[in-house]
Amino acid sequence: MSDTLNSTIKAISQKFAISGYFVGGNEIKSGHINTTYIATYALDSGERRRYIFQLINENVFTDPLAVMHNVECVTRHINRKVLRARRDLGGQTLNLYSAKGGRSYVKGEGGEIWRCYNFIEGCHTYDIVETSHQAYQAARAFGSFQDLVSDIPAEDVLETIPDFHNTPRRFAKLMQVIEADPEGRLESVRDEVAFVKKREALCSSLVNQLEAGELPQRITHNDTKLNNVMMDSETDEAVCVIDLDTVMPGLSSYDFGDLVRTATSPAAEDEKDLNKVEMRMPMFEALAEGYLDGCDCLTPNEIANLVTGGKVITLETGIRFLTDYLEGDVYFKTAYESQNIDRCRTQLKLLECIEGKEDAMRNFLARIAKSKLP
Ligand code: ADP
Ligand code: GN1
Ligand code: MG
């Protein structure tokens, strides 16, 4: 880490009510949205403690205090329940450290919002699943998370990004951006646009059922990608669900679906060789078993829509990457110029793979959830 970054993070960290002195820090680059640092503090006893300092991305979260309100609410709720029921997601929970003065955040020099979390020790995140045990564990953790937050009153949680998983709106936005083509990139993505347009009807399949009262709105995580769950570095057991910024009313099918999107393919999200993209059936099976083992609250129609969730969110994420590419990479962090279109292409290829295996996926779910299906 450079001296400038070290002094920025030191200055921010000193505004939080944590003891000891700052030793040093590093940036963690696995998320696409916030800026995340890990910092080490030393106590007089010589003991070292690590913390996460996170700068909220205000381009994405235009009301960062609403985000903090939700994170406070959800961490408090989970911690209370874990203490009361002695039930946890595998050992550690996410906690906010207060700022000096008692608030859950501090303001940087430009008014930007920073927060501090406990560092989940002995764990790491995966960008790609290597074993079906990892897939099972990740899905069970997000399933348990769904159960744990199911009794938060909807009015306690604010909508941090309106229409976040409103897939038809995502489609409509893409159509507008295609029309405007602000960066002149449209010509190079004609095939992707045609692929998406052919699947317009799929975009509405879940929101229509929500509107018809056939799927319940719940408090959901809404960003259940694989690297948002910390896994024990020795045992690969899921320890703690993180990245709570998008916890708000939503549909369970999107949460399960994002696991299918991020934990069935052996290829990186921005892999250029699309032959590597695949929907691995054993990983899907582990995800389905894990999610159902973790979550008791699903209705028969929610279970019947889990595979649809995989298809819809893979399409939606492809649409979002394509939109961002056409807009000139204004939303997702990118490390090189064509990264968003590379990401889009893996999503569309994965959707094709899911479509090819859809019957097998549905049959598997029907088998394991026989007693719970309509
Ligand atoms: P983003 O919204 O940018 O995805 P995340 O909250 O997911 O931000 O954090 C980015 C990465 O930082 C995670 O994938 C994880 O590797 C690491 N991380 C975040 N919070 C913690 C934590 N409390 N303990 C350990 N690592 C963490
Ligand atoms: C972002 O923040 P991160 O990297 O966990 C995004 C998700 C996308 C994902 C695609 C707030 O997740 O919605 O599905 O990238 N988060 C937000 O990888 O937009
Ligand atoms: Mg994340």
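Residues numbered from 1 in each chain as written. Chains lettered and ligands numbered in written order. Predicted model: local features only at pLDDT ≥ 70, side-chain atom pairs only at ≥ 80, totals over all residues. Heavy atoms only, no water.

### Topic: helix H8 (residues 281-294)
So, point 1. Across its 14 residues, H8 extends 20 Å between first and last C-alpha, which sits within 8% of the 20 Å expected from 1.5 Å per residue.
So, point 2. The element H8 is extensively covered by neighbouring structure, given that 10 of its 14 residues are classed as buried.
So, point 3. For H8, the full list of buried residues reads Met281, Met283, Phe284, Ala286, Leu287, Ala288, Gly290, Tyr291, Leu292 and Gly294.
So, point 4. Lining the buried residues of H8 we find helix H3 (132-149), helix H7 (252-263), helix H9 (300-304), helix H10 (306-327) and helix H11 (339-368). (Helix = DSSP H or I, 4+ residues; strand = E, 2+ residues; numbered from the N terminus. Expected span 1.5 Å × (residues − 1). Buried < 20%, exposed > 50% of the residue type's maximum accessible area, 1.4 Å probe, protein only. Contact = heavy atoms within 4.5 Å.)

### Structural notes on the coordination of the magnesium ion (ligand 3)
So, point 1. Bound to the magnesium ion (ligand 3) are the protein donor atoms Asn228 (OD1) and Asp243 (OD), situated 2.2 Å from the metal. In this pair, Asn228 sits in the loop between strand S7 (218-220) and strand S8 (229-232) while Asp243 sits in the loop between strand S9 (238-241) and strand S10 (248-250), placing the two residues 15 residues apart along the sequence.
So, point 2. The exposure class of Asn228 is buried, given its relative accessible area of 5%. (Donors = N, O, S within 2.8 Å, 3.2 Å for Na, K, Ca; no water.)

### A closer look at the domain arrangement of the protein chain
So, point 1. Domain assignment breaks the protein chain into domain 1 (3-119) and domain 2 (132-372).
So, point 2. Here domain 1 and domain 2 have C-alpha centroids that lie 27 Å from each other.
So, point 3. If you look at the interface, domain 1 gives 28 residues, while domain 2 gives 31 residues.
So, point 4. Of the roughly 2,700 Å² buried where domain 1 meets domain 2, counting both sides, 61% is carbon and sulfur surface.
So, point 5. For the pair domain 1 and domain 2, the interface holds 2 salt bridges.
So, point 6. The shortest N-O distance in the salt bridge between Asp245 and Arg115 comes to 2.8 Å. (Domains from an automatic or database assignment. Buried area = accessible area lost by both parts, 1.4 Å probe. Salt bridge = Lys/Arg side-chain N within 4 Å of Asp/Glu carboxyl O.)

### Overview of empty space enclosed by the protein
So, point 1. As enumerated under the stated definition, the model contains 1 cavity of 30 Å³ or more in all.
So, point 2. Here the largest cavity is characterised by a volume of approximately 70 Å³.
So, point 3. Around the largest cavity sit 10 residues that line it, and Ile78, Thr93, Leu94, Val241 and Leu244 are the ones nearest its centre.
So, point 4. Looking at the lining of the largest cavity, the elements with two or more residues in it are helix H2 (64-85) and S9. (1 Å grid on protein atoms, 1.4 Å probe; cavity = no way out; pocket = protein on both sides within 12 Å on 5 of 7 lines; lining within 4 Å. Points joined across faces, edges and corners; volume = space filled by probe spheres on them.)

### With respect to the packing of aromatic side chains
So, point 1. The tally for this structure, following the rule as stated, stands at 11 aromatic pairs.
So, point 2. When the ring of Tyr37 is compared with that of Trp114, the centres are 5.9 Å apart and the planes differ by 20°; the resulting orientation is stacked. A residue pair is termed long-range when its members are at least 10 positions apart, and Tyr37 in strand S2 (residues 35-42) and Trp114 in strand S5 (residues 113-118) qualify at 77 residues. For the pair shown, Tyr37 and Trp114 are each scored as buried.
So, point 3. Both rings, one in Phe321 and one in Phe332, keep their centres 4.7 Å apart while their planes meet at 55°; by these two values the pair is tilted. On the criterion of sequence distance, the pair formed by Phe321 in helix H10 and Phe332 in the loop between H10 and H11 is long-range, its members being 11 residues apart. The residues Phe321 and Phe332 share a single accessibility class, namely buried.
So, point 4. Here the aromatic residues Phe16, Phe22, Tyr41, Tyr51, Phe53 and Tyr97 are joined through ring pairs into a cluster of three or more.
So, point 5. Here the guanidinium or amino end of Arg185 rests over the ring plane of Tyr325, the centre of that ring lying 4.3 Å away. (Phe/Tyr/Trp six-rings, centres within 6.5 Å; stacked < 30°, edge-to-face > 60°. Lys NZ or Arg CZ within 6 Å of the ring centre and 35° of its normal.)

### Focus on the site of ligand 2
So, point 1. The environment of ligand 2 is formed by 16 residues, the closest being His32, Lys225, Glu269, Arg320 and Tyr331.
So, point 2. Between ligand 2 and His32, the relevant distance is 2.8 Å, taken from an oxygen atom to a main-chain nitrogen or oxygen of the residue.
So, point 3. The contact in question runs from an oxygen atom of ligand 2 to an N or O atom on the side chain of Lys225, over 2.8 Å.
So, point 4. Burial of ligand 2 by the surrounding chains reaches 97%, relative to a free accessible area of 450 Å².
So, point 5. Here ligand 2 is seated within the largest pocket.
So, point 6. A class-by-class count of the residues in the shell around ligand 2 yields 6 nonpolar, 4 polar and 6 charged.
So, point 7. If you count residues domain by domain, the shell around ligand 2 takes at least three from each of domain 1 (3-119) and domain 2 (132-372). (Near = heavy atom within 4 Å. Polar contact = N/O pair within 3.5 Å; in protein donor to acceptor, adjacent residues only side chain to side chain. Areas by Shrake-Rupley, 256 points an atom, 1.4 Å probe, with all protein chains shown as cover. Sits in = over half its atoms within 2 Å of the grid points. Nonpolar A, V, L, I, M, F, W, Y, C, P; charged D, E, K, R; others polar.)

### Remarks on the site of ligand 1
So, point 1. The environment of ligand 1 is made up of 20 residues, and the closest members are Ser30, Asn34, Gln54, Asn118 and Ile120.
So, point 2. A distance of 2.9 Å separates a nitrogen atom of ligand 1 from a polar atom in the backbone of Asn118.
So, point 3. In this structure, Asn227 approaches ligand 1 through a main-chain N or O atom, which is 3.0 Å from an oxygen atom.
So, point 4. If ligand 1 stood free it would expose 550 Å²; the protein chains cover 96% of that surface.

### With respect to unusual backbone geometry
So, point 1. Phi at Asp181 takes a positive value of approximately 40°, unusual for a residue other than glycine.
So, point 2. Here Asp181 shows up in the loop between helix H4 (167-180) and helix H5 (190-198).
So, point 3. We note that Asp329 has phi near 60°; this positive angle belongs to a residue other than glycine.
So, point 4. With a relative accessible area of 18%, Asp329 lands in the buried category.

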